[in-house]
Amino acid sequence: MTAGDNWAGPVLLCVGEIDIHTAPRLDRQLRRALAVRPAPAVVLLDLQDVSFMDSTGLNSLLAARVEADRNGTLLALAHPRPQVTRLLEITETAPLFPLSPLPPRPPVPYRPAN
C-alpha cells in the first residue's frame, strides 16, 4: 500500500489482497489518514489493484467509515474491481461508500525482479 495526496485529502493505493493477514496494515494507514488535522474533506481508497477482499477487509472499511463520519470526512472508493464490488453489493454496504469519479490510473509496467 502506498499513500499520497490529492486536492481533497489523502489517497491510499491498495495492492493485492485485503484479508485477515493484510487488513491490519490497511487499518493503520486508514487511522493515520483520518487522524490528520484539520480533518481532510475526503480520504480516497484506490482499489484498482486489489484482487481480493474478504470480510476482514470489509470490516476495516466499515470501521474507517465510522471514524470518517465522526470527523466529517468522506471515505470514498476509486476503481473497485468486480470482486470487491460484488462483496459490497451482497453485504448491502455499497451505498455506504461513494465511488470517486477519477479516471483509472494507467497500468503499471511489469518489471521483473533482478
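Everything quoted here is computed from the prediction, not taken from an experiment. The numbering scheme is per chain: residues are counted from 1 as the chain's sequence reads. Where local features are concerned, this predicted model is filtered to residues with pLDDT of at least 70; where side-chain atom pairs are given and counted, the filter is 80 or more; whole-chain, interface and lining totals use all residues. Note: side-chain values were computed over all heavy atoms of the structure, leaving out hydrogens and water.

1. A closer look at the environment of Glu17
Part 1 of the reasoning: Only runs of H or I of at least four residues qualify as helices and only runs of E of at least two qualify as strands under DSSP, and these elements are numbered from the N terminus. Secondary-structure assignment places Glu17 in strand β2 (residues 9–18).
Part 2 of the reasoning: Here Glu17 falls in the partly exposed class, since its relative accessible area comes to 43%.
Part 3 of the reasoning: Should any heavy atoms of two residues lie within 4.5 Å, those residues are considered in contact. In this structure, Glu17 is in contact with Thr22, Ser51 and Phe52, ignoring residues within four places of it in sequence. Burial classes follow relative accessibility: with a 1.4 Å probe on protein chains only, a residue under 20% of its type's maximum area counts as buried, one over 50% as exposed, and anything between as partly exposed.

2. Quick look at the side chain of Asn71
Part 1 of the reasoning: By secondary structure assignment, the location of Asn71 is in helix α2 (residues 55–71).
Part 2 of the reasoning: Within polar-contact distance, the side chain of Asn71 engages the side chain of Arg37 at 3.3 Å.
Part 3 of the reasoning: Dropping the residues within four chain positions of it, Asn71 is found in contact with Leu34, Arg37 and Ala39. Side-chain atoms alone can form a polar contact between residues adjacent in sequence; in general such a contact is a pair of N or O atoms within 3.5 Å, and within protein one must be able to donate a hydrogen while the other accepts it.

3. Points about α2
Part 1 of the reasoning: Here α2 is 17 residues long and its end C-alpha atoms lie 24 Å apart, about the 24 Å a rise of 1.5 Å per residue gives.
Part 2 of the reasoning: Burial in α2 covers these residues: Gly57, Leu58, Ser60, Leu61, Ala64, Ala68 and Asn71. Each buried residue of α2 sits inside an arc of 150° when the element is viewed along its axis, so together they form one side.
Part 3 of the reasoning: If you follow the buried residues of α2, they end up packed against β2, α1 (23–34), β3 (42–53), β4 (74–78) and α3 (82–90).
Part 4 of the reasoning: The N-capping residue of α2, defined by a side-chain oxygen 2.9 Å from the backbone nitrogen of Thr56, is Asp54.
Part 5 of the reasoning: Directly after α2, the chain includes Gly72, whose backbone phi takes a positive value near 75°. Helix span, as expected, comes to 1.5 Å for every residue beyond the first. When we speak of the arc, we mean the arc of directions from the helix axis to the C-beta atoms.

4. Considerations on α3
Part 1 of the reasoning: Within α3, burial applies to Val84, Leu87 and Leu88. The arc that holds the buried residues of α3, viewed along the axis, is 95°, so those residues lie on one side. With respect to the buried face of α3, the exposed residues turned more than 90 degrees away are Pro82 and Ile90.
Part 2 of the reasoning: Taken together, the buried residues of α3 touch β3, α2 and β4.

5. Concerning the pattern of salt bridges
Charged atoms that come close allow side chains of opposite charge to pair.
Part 1 of the reasoning: The salt bridge criterion pairs a side-chain nitrogen of Lys or Arg with a carboxyl oxygen of Asp or Glu, the two atoms within 4 Å. Scanning the entire structure with this criterion turns up 2 salt bridges.
Part 2 of the reasoning: For the salt bridge of Arg65 with Asp69, the shortest nitrogen-to-oxygen distance reads 2.9 Å. Linking Arg65 with Asp69, this pair stays in helix α2, spanning 4 residues, or about one helical turn.

6. What to know about the pairing of β3
Part 1 of the reasoning: Counted residue by residue, β3 has 9 buried out of 12 residues, so it is predominantly covered.
Part 2 of the reasoning: In this analysis, strands are considered paired if DSSP registers two or more bridges between them. Two strands pair when backbone bridges link them, and β2 and β3 are joined in this way by 7 bridges, in the parallel orientation. For Leu12, the partnering residue across the bridge sits in β3 and is Leu45.
Part 3 of the reasoning: The handedness rule is simple: strands pointing away from the viewer, and a clockwise path from the first strand over the helix to the second, make the crossover right-handed. In this fold, the crossover linking β2 to β3 by way of α1 has right-handed handedness.
Part 4 of the reasoning: In this sheet, β4 lies alongside β3 in parallel orientation, the contact comprising 5 bridges. Residue Asp46 lies in a different strand from β4, and its bridge partner there is Ala78.
Part 5 of the reasoning: In terms of handedness, the path from β3 via α2 over to β4 forms a crossover that is right-handed.

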